[in-house]
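# Fold and geometry: a report
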Amino acid sequence: MSNLTKSLMAVTASAAVGFGSFAGATAPAEAAGLRCSTTRLSTPCSKQNARAITTYVKYGPKGKSVKHLQRALSQVGYRVSDTGYFGPATRTQLKKYQASRKLSAVGSVNSSTLHALRVGAGAKRVSVKKASTARSAVTSSYSSSSSKGTRAVSFAYSQIGKPYRYGATGPSSYDCSGLTGAAWRSAGKSIPRTSHAQLGGLKRVSKSSLKPGDIVGFHGGGHVGIYVGNGYIIHAPRTGQNVKKVPMSQMRFYSAVRPA
C-alpha cells in the first residue's frame, strides 16, 4: 500500500470522528499530501474538505466549517471565495450545487447535502451521524437563539432595496423599527413595534458581544437596524432612501438588544 493511500485512509478515518479532530488543523486534503486550492477543480480535495465540515452550516455565521464548505464547492466548479463567512455568494453557489445533484435547493447544509459533498460520484458512502453527534455535543453558534437570529438576518438581506416609508411594516416598504420587527416575525418572534420600545423592552447586550440578528440602536434610541456581523447592519434609513447594508460606525451607537 502506497504512502499516499495510507495517508488518505488516515484522514478519512479522522473525519468520521467529528469536530475535535480538526480543531486548528489545515485542510485535510492538504494534510494528506494532495495539492488543493480554490482555483482548480479537484473532486478528491472537495470530498476531503467536505469531511471537515462538522456542523450543518447555514446563512449568516462564519467559521472553519464554512471555509471548508466554500473550498469543497469551488473544487467541484461552484466558485466562491473561502472567506469563512456564509453570505449571499456562498448561498447562491450552494443552491446551484444542490440543484445539480437533484437535492432540495435550500441554500443551507443539511444531511443529504453533506452526504453528497462527502462521498462524491461513486465513492464509498460515509455516515454523517458522527457530525450530527458532534454538533449536539459542543457549544456552537447554532443554538435556538442563534438560529432565529440567522433567520432574521436572512430576511433583512432579502429586503435590501425596498423603500423607506414612515409607519410601514412591510412587505413593500418599511420604517426602521418596521424592518427589525418584520425580520424577527419571520424568525417566529414578535417584538415591540417602535424603536424605543424594542430597545427598552428586550434583553440588553453590549456592543462588544453583538451577534447576527441583534437589534442595534442609534441616535439616542430613535433609530434601529439589524446587526448582520463584521460591524455591519441592515436598516431602513429615512424618507427617500431604501433598505441598505452599511457599517454601523456610520452612526452614533446607543444600545443593543437581543430578542431571543
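Residues numbered from 1 in each chain as written. Predicted model: local features only at pLDDT ≥ 70, side-chain atom pairs only at ≥ 80, totals over all residues. Heavy atoms only, no water.

### Digging into the pattern of salt bridges
We count it as follows: Whenever Lys or Arg places a side-chain nitrogen within 4 Å of a carboxyl oxygen from Asp or Glu, that contact is recorded as a salt bridge. Under the DSSP-based scheme used, a helix requires at least four consecutive residues in state H or I and a strand at least two consecutive residues in state E, with every element numbered from the N terminus. Buried means the residue's accessible area, taken with a 1.4 Å probe over protein chains only, is under 20% of the maximum for its type, while exposed means over 50%, and partly exposed covers the values in between.
In total, this model carries three salt bridges according to the counting rule given. Between R258 and D214 there is a salt bridge, with its nearest N and O atoms 2.8 Å apart. On the criterion of sequence distance, the pair formed by R258 in strand β6 (residues 253-258) and D214 in the loop between β1 (203-205) and β2 (215-218) is long-range, its members being 44 residues apart. Judged by its relative accessible area of 1%, D214 is buried.

### What about the environment of A256?
Keep this limit in mind: Contact between two residues is taken to exist if any of their heavy atoms lie within 4.5 Å; hydrogens are not considered.
Within the fold, A256 resides in strand β6. The class of A256 is buried, set by a relative accessible area of 0%. Here the alpha-carbon distance between A256 and S206, two residues 50 residues apart in the chain, equals 6.5 Å. Excluding anything up to four places from it in sequence, A256 contacts K203, R204, V205, L210, I215 and V216.

### So, the packing of aromatic side chains
Note on aromatic pairs: each is described by the distance of the centres and the angle between the planes. This is how it is decided: Two rings from Phe, Tyr or Trp (for Trp, the six-membered ring) form a pair when their centres sit within 6.5 Å of each other. Planes less than 30 degrees apart are called stacked, planes more than 60 degrees apart edge-to-face, and all others tilted. Put simply, a charge is over a ring when the Lys NZ or the Arg CZ is close to the ring centre, within 6 Å, and near the line of the ring normal, within 35 degrees.
Evaluation of the coordinates by the stated rule reveals three aromatic pairs. Ring centres 5.9 Å apart and planes at 90 degrees place the aromatic pair Y78 and Y97 in the edge-to-face group. Taken together, the residues Y78 in the loop between α4 (64-74) and α5 (88-100) and Y97 in helix α5 connect sequence positions 19 residues apart. Exposure class is identical for Y78 and Y97. Each is buried. One aromatic cluster in this structure is built from Y59, F86 and Y157. A cation over an aromatic ring shows up here: R91 above the ring of Y59, its NZ or CZ 4.0 Å from the ring centre. Between K245 and the ring centre of Y232, over which it is positioned, the NZ or CZ distance is 5.1 Å.

### Concerning unusual backbone geometry
Excluding glycine, most residues fall at negative phi; most peptide bonds, likewise, are trans. Geometrically, the link from G170 to P171 is a cis peptide bond, its omega value of 0 degrees lying close to zero. Along the chain, P171 falls in the loop between α8 (144-158) and α9 (176-186). Here the phi dihedral of H219 falls at roughly 50 degrees; this positive angle occurs in a residue that is not glycine. The phi torsion at N230 lies on the positive side, around 60 degrees, for a residue other than glycine. Within the secondary structure, N230 sits in the loop between β3 (223-229) and β4 (232-235).

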